Amino acid sequence: MFEPRSRAYLSSPDAFEKEVLAAWKKANILQQTLEARADAEPFVFYEGPPTANGRPGIHHVLSRTLKDSVCRFQTMRGKRVMRKAGWDTHGLPVELEVEKQLGISGKPEIEKHGIGPFNEKCRHSVFTYKEEWEQVSDRIGYMLDYADPYVTFHKDYVESVWFLLSRFAKNDLLYRGSKVLPWCGRCGTGLSSHEVSQGYADIDDPSVWISFPLQNAPGDLAGAALVAWTTTPWTLPSNMGVCVHPEFEYAIVENDGKRFILLQSKAEGVFGEGNFEVVGTVTGKDLAGLSYEPLFQWEGGTVVQEGDKVHVVVVDDFVSDGDGTGMVHMAPYGADDFRIAQRDGLIATLAVGSEGRFLVDLAGVEAGTFFRDANKTLARDLKERGRLLKINQYRHSYPHCWRCDTPLLYFPSPAWFLRTTSFKEKMEAQNAKVKWSPPEIGEGRFGEWLSNNIDWALSRDRYWGTPLPVWVNEEDPEDWICLESYAELESLGGEQGENFDPHRPEVDDITFETPTPGKTGTMRRVPQVIDCWFDSGAMPYAQHHWPFENREFVAEQFPADFICEGIDQTRGWFYSLHAIAIFLTQMDEDLWKSGELWGEPLPRLEAGGAYRSVMVNGMILDKSGVKMSKRLGNIVNPAEAIAEHGADAIRWSFLTGGAAHLSRRYDDSGVSEARRRVLGTLSASYDFFALYARTENWDPSTERPALGDREAIDRWILSRCAEAGQESIQGWEDLLPNNAIRPLERFLVDELSNWYIRRCRRRFWGAEGEASQAAAFATLFEVLHASLRMMAPITPFLADALWKELTGSEESVHLQLFPETPESIDKPISEAMDPILRAASLGRAVRERVQIRVRQPLGKLVVHISNEKALSVSPRAYEDALVQELNVKQVEWIDGTPDFLEVEAKANFKSLGKRAGKNMKALASTIANMDRETVFKLQGGGTVEVDLAGEPFLLEGDDILLQTQSAEGMEAATDGYVTIGLVTELTPELECEGIAREILNRLQTQRKETGLEVSDRIRVRLHGDAPVRAAMEKHGAWIAKEALAPDGLHWVEAAVVTADGFQLWELPGNHHLQVALEKFSLKNA
RNA sequence: GGGCCAGUAGCUCAGUUGGUUAGAGCGUCCGCCUGAUAAGCGGGAGGUCAGAGGUUCAAGUCCUCUUUGGCCCA
């Protein structure tokens, strides 16, 4: 108990914290908090599963620190906070990593290698970095249960995901459609966006302007033709519509006797300058629904989208006015095109098939022609038929297959979708109830994304993922079923081998006869796996194998009170959690109707979303504001940073370094600053307490003086401590860590250490009497007791280590309650200290200006506080603090506004602005020019009527702000409502006392240099000039007492000082002093 | 190309509902203190609040545009 710790902490935070960590491990601290709060109200936290496929970076330290500090805070509020770890283990990143390991790449090579061995490799690869993740998380104090994590590839987890998907299917919200994907016709495979980005190359394509003559168009539009532009003529045979922007104004122009429609700004580029005449305009939306003459006549092809119309004008605001004509030719080979076709029911027919070759003979192009090779033939044909208005070469960057260099096409492939658009409004409504920190992410980024919601393209044509539990009848593609469990699979006759694993390829081999009455045929699973975002969004249920197990428990732990991830998760985890929860709890009425499932009770999950509040954190950039990347080599390794600074310093600087959601720069020097300035100060404050508690044998169990019996400054620091605590609670509850921590920093550094302890030091060694000492000990103990608990969520290591020393208890600070003592708040007491702090600062500034060091006592300090009457507690209670801080003999408090003070009145814009309105400026100058008497009258509580633009205007005391400017006859300074004057005249007495203080200073310095302890008694011999001698004679007793020289000071003659052991000191004013000192003992006394 | 966010001192960041001295820490210069001492404290200098326009008696704060950077999506 009361061992000093700051030296150990500051010199080696890493070793210091590891010791704390070991104690936590030994005591199983997480378990302890849960047991201690077994019956407490739960605070539900969901851990977003990291991909264990890459190393943890410093940005992960940020979000883990945020999560941890909020959870620790809530635990200290008495809540039960479960913290189950989780791992996101499926998906493309894992596959890519394994491809790298195997030295293969792309789907054909994976299949050649074998899906089984490949997936086996994925399963193991996932945990390559698991240990590193756990170590870093553990080391930063992220309290999480790693013993029993949820893992998205585990059989139970997958089964829960299947169950959820089956619920979508049972509500008719799972459907098969097409999705346009980057596709290599030669390799016959889709490519991931990651692969596409590797293969961009410049390529020349024909750039063609095509006309689409309208049919049966009314008015000005009769006989006119739309003009569209494309660089992919091979898609023209598959044209299904022309898209215009609903808001654009299109020009109707005449050229060579024919009418065309396009953006006016684009007409010159097509027809040439002066070759056309604008004859009218039409708005995009007025063109909607018109039909036009098809470009080509042909039969066959593959219909990929059934519909009721084709070759019509549709509208959408994806159309831009950049390249082209403001009109877009639409074919099924484009993602936007396909989306609109689905929305508007256009028939989509492919002329080019999945191998990149034409499927039919048309317009001189033979079936089997490679898609790009048809461009010229098609262009010639169109030109001959007058449908091609212009052709250019166009060089642009185009994606190629990175494996075989073949230009890619975008190709519609079969895909499975969740009809999320059917509950878009519910998602938006629920989102409005979620507390977002910061709010603008929820309203803006996430809200925007929800309002533009499109159906969730769920399937992935990949290997390592949760297999889509959809089995299709080989004989009838419309006969399909989405399974809800392994049991159902088995009951249908799908045989599962021993140690069944639901992954590909094992699951692909399981077939059964169709259960549909009246149908025959073998049911075979579709080849796809699902988007791994669905996996992670399923975690509230799947982490506990719901609804197969833990139905009650999940109902209690749903929804989350709090989640916290990076801003990049907006459209990832935040969305998948939200969408699944809203479907499950608000759309799936059938599931909840009976209150049972499979004959067992099914407690209802609260209808709503998956989370009540979200804290979003920004990215971490390097110290120059550049994103960290392997390529640039500017990645900060968390382990190294922690080894250097310790986790607490990093946690502190992350939690305070700017608003959590903004991207911020990682600054190494900022971290060491936090360590020194804040954590160093806190530990030094504790050390100070511990040092004197030990030497004075102070015991926390002795009765402590009542609050009313303590000094004003004690009540002040206790009040401030309680205020800081209340602000901190508010900040944490608002999910604004900055607001929680800034008041603490101010309190600990400025108020506790730099003012309270500094001003009260003497009290601790009893220099101000026993009562004062007892009050000081009690106060500082109580303040530290609260402060360490307030710091515990932020810097869990240091707080716990100091807590155990302070309390002498083995019980961790993390099992305590957060201090909440609003009853100790005394606003008037807190406010009354402010003018004192200002006066002290002004006094130091004046001393600096007049070059009189603080050691030199001065006669008088004059203080004027212009709003003193408004303070219900007089700052005069703190007079002692000023006397000591500024080393003056006397403080004179000035009432009213005496003549020697110059005052200036200023308008209070805040109170006058609304009343004065336009005349505010005139009023301000009237007030500035008011004479002293008027000002005093107002200040004394009276009212004054002034003339304002010819109208009388009534002023009250609150309408002016008084500033004192300077004082005559002394060195003065002003800060707002506080003015001080310092009488700088040095009387012989003051000079003498100044010398005495210089002597004491030299004695103490020499004591330290000699290697003596601060509490060692010393024997002093000294010699000096006449003023030194005078000072010694007058103040010798005082010096001896302060310097702990029990037998006084021994004056020696000049002759003696030539001997060894005397040190020569120069004092200000050309005085000199020679001192010899040694440890005092009875022998040499 | 679209959506969202940000740009305040040399650096990292605060800045409440618009209100007249725009703050803090670090760095820098100068100084102080010494019974927290391999610490600590203070003072000074340093800002046309990214740029332009607008609303208002009053704009770092509200609106519009431009510009730079970040995140996500095409």
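Coordinates for the structure precede this section.
Just so we're clear, the structure is a prediction, and the values are computed from it rather than from any experiment.

So, how was this worked out
- Residues numbered from 1 in each chain as written.
- Chains lettered and ligands numbered in written order.
- Predicted model: local features only at pLDDT ≥ 70, side-chain atom pairs only at ≥ 80, totals over all residues.
- Heavy atoms only, no water.
- Helix = DSSP H or I, 4+ residues; strand = E, 2+ residues; numbered from the N terminus.
- Rg over C-alpha atoms; globule rule 2.2 N^0.38 Å.
- Buried < 20%, exposed > 50% of the residue type's maximum accessible area, 1.4 Å probe, protein only.
- Contact = heavy atoms within 4.5 Å.
- Areas by Shrake-Rupley, 256 points an atom, 1.4 Å probe, with all protein chains shown as cover.
- Axes fitted to C-alpha atoms, helices over the stretch in contact; angles between N-to-C directions.
- Parallel < 35°, antiparallel > 145°, perpendicular 65-115°, else oblique.
- Nonpolar A, V, L, I, M, F, W, Y, C, P; charged D, E, K, R; others polar.
- Near = heavy atom within 4 Å.
- Polar contact = N/O pair within 3.5 Å; in protein donor to acceptor, adjacent residues only side chain to side chain.
- Core = buried A, V, L, I, M, F, W, Y, C linked by side-chain atoms within 4.5 Å.
- Patch = residues over 30% accessible without salt bridge, like charges linked within 9 Å, V, L, I, M, F, W, Y side chains within 5 Å.
- Salt bridge = Lys/Arg side-chain N within 4 Å of Asp/Glu carboxyl O.
- Lys, Arg positive; Asp, Glu negative; His and termini not counted.
- Charge placed at Lys NZ, Arg CZ, Asp CG, Glu CD.
- Pairing = 2+ DSSP bridges.
- Phe/Tyr/Trp six-rings, centres within 6.5 Å; stacked < 30°, edge-to-face > 60°.
- Arc of directions from axis to C-beta.

**Q** For this particular structure, what's the right way to read the overall build of chain A?
**A** Each helix and strand in chain A was counted, giving 36 helices and 43 strands. Taken over C-alpha atoms, the radius of gyration comes to 40 Å for chain A, far larger than the 31 Å a tight globule of 1085 residues would show. The proportion of buried residues among the 1085 residues of chain A is 55%. Nonlocal contacts in chain A, meaning residues at least 24 apart in sequence, comprise 77% of its contacts between residues at least 6 apart. Here chain A displays about 46,800 Å² of accessible surface, and carbon together with sulfur accounts for 47% of that area.

**Q** Even after reading the chapter, I still don't get the packing of helix α26 (residues 712-733) against helix α28 (residues 770-791), so can you show me in this structure?
**A** Direction vectors running N to C along α26 and α28 enclose 10°, while the axes themselves pass 10 Å from each other. When the interaxial angle is binned, α26 and α28 end up roughly parallel. Note on element contacts: α28 touches α26 through A775, A776, T779, E782, V783, A786, S787 and M790, opposite D714, I717, L718, C721, A724 and G725. Tallied by class, residues from the contact of α26 with α28 come to 9 nonpolar, 3 polar and 2 charged.

**Q** How should the protein's contact with RNA strand B be read in this particular structure?
**A** Around RNA strand B, the structure places 51 residues, and the nearest of them are R445, E673, W765, K906 and F909. Near the protein, within 4 Å, the atoms of RNA strand B are sugar or phosphate in 60% of cases. The contact in question runs from a base oxygen of RNA strand B to an N or O atom on the side chain of K910, over 2.9 Å. Contributions of two or more residues to the surface near RNA strand B are made by α16 (439-451), β31 (664-665), α25 (668-695), α27 (737-764), α30 (827-850), α32 (909-916) and α35 (988-1010). In terms of residue count, α25 provides more of the surface near RNA strand B than any other element does, 7 residues in total. Here the surface near RNA strand B is built from residues that sort into 14 nonpolar, 12 polar and 25 charged.

**Q** When you look at the nonpolar core in this model, what are you seeing that I'm missing?
**A** For soluble globular proteins, nonpolar side chains are generally found buried alongside one another. Counting residues in hydrophobic clusters, the biggest one holds 137 residues, and the most contacted among them are F689 and L882. Residue contributions to this core peak at 12 residues, all from α27. Residues in contact with L882, not counting those within four places in the same chain, are I836, A839, A840, L861, V863, N887, V888, V891 and W893. Formed by 58 residues, the second largest nonpolar core is a distinct cluster that contains W546, W573, Y575 and L605.

**Q** How do you make sense of unusual backbone geometry when you look at a structure like this?
**A** Trans peptide bonds make up most of the peptide bonds, and negative phi angles are found at most residues other than glycine. Note that the residue after R504, namely P505, is joined by a cis bond; omega there is 0°. Mapped onto the secondary structure, P505 falls in the loop between α17 (486-491) and β23 (512-513). A cis amide bond links W546 with the next residue in sequence, P547, at an omega value of -5°. Along the chain, P547 falls in the loop between α19 (539-542) and α20 (551-556). Its identity as a non-glycine residue notwithstanding, W598 has a phi of 55°, on the positive side. Tracing the chain through its elements places W598 in the loop between β27 (596-597) and β28 (600-601). On the accessibility criterion, W598 (41% relative accessible area) is partly exposed. Even without glycine at this site, Q851 takes up a positive phi of about 60°. Tracing the backbone through its elements, the reader meets Q851 in the loop between α30 and β32 (858-865). On the basis of relative accessibility, which here comes to 67%, the residue Q851 falls in the exposed class.

**Q** Looking at this structure, I do not really get a negative patch on the surface. What am I missing?
**A** A contiguous patch of negative charge, built from E644, D667, D668 and E673, is present on the exposed surface. By the element assignment, E673 lies in helix α25.

**Q** It is not clear to me how the sheet that holds strand β38 (residues 971-975) should be interpreted in this structure. Could you clarify?
**A** Two pairing modes exist for strands in a sheet, parallel and antiparallel, and in both the strands are linked by backbone hydrogen bonds. Across the sheet, 4 strands lie side by side as β33-β32-β39-β38; this open sheet has mixed pairing. Both edges of this open sheet fall to β33 (888-894) and β38, since each of them pairs with a single strand only. Adjacent strand axes in the sheet meet at a mean angle of 20°, parallel and antiparallel pairs treated alike. Pairing of β38 with strand β39 (residues 978-983) involves 5 bridges; the strand directions are antiparallel. The residue of β39 that forms the bridge with E971 is L982.

**Q** Can you help me understand the packing of aromatic side chains in this one?
**A** Two aromatic rings, taken as a pair, are described by how far apart their centres are and by the angle between their planes. Under the counting rule described, the total for this entry stands at 50 aromatic pairs. Ring geometry for F423 against F583: centres 6.3 Å apart, planes inclined by 40°, an arrangement best described as tilted. Of this pair, F423 sits in the loop between β17 (409-418) and α15 (424-433) while F583 sits in helix α21 (residues 573-587); the two residues are 160 residues apart in sequence, bridging distant segments of the chain. Grouping residues by exposure puts F423 and F583 together as buried. In textbook terms, an aromatic cluster arises when at least three aromatic residues are bridged by ring pairs, as seen for F2, F688, F689, Y692, W698, F764, W765, F777 and F781.

**Q** How should I be thinking about the environment of D750 in this particular structure?
**A** Mapped onto the secondary structure, D750 falls in helix α27. Counting along the chain gives 210 residues from D750 to I960, while the straight-line C-alpha distance between them is 31 Å. When neighbours within four sequence positions are excluded, D750 is seen to be in contact with E745 and W755.

**Q** I'm lost on α15 in this one. Help?
**A** Side chains that are three or four residues apart share a direction in an α-helix, a result of its 3.6 residues per turn. All buried positions along α15 are accounted for by M427, Q430 and N431. One side of α15 holds all its buried residues, which, seen down the axis, span an arc of 105°. Of the exposed residues in α15, those oriented more than 90 degrees away from the buried face are E425, A432 and K433. Considering only its buried residues, α15 is in contact with β18 (435-437), α16 and α21.

**Q** I tried to follow the packing of α27 against helix α31 (residues 879-886) on my own but got confused; where do I start?
**A** Each packed pair of helices is defined by two parameters, the angle between the axes and the distance between the axes. Closest axis-to-axis distance for the α27/α31 pair is 10 Å, and the angle between their directions is 85°. Compared by their axis directions, α27 and α31 come out roughly perpendicular. Where α27 approaches α31, its residues W755, R758 and R759 are matched on the opposing element by A881, Q884 and E885. Per-class residue counts for the contact of α27 with α31 are 2 nonpolar, 1 polar and 3 charged.

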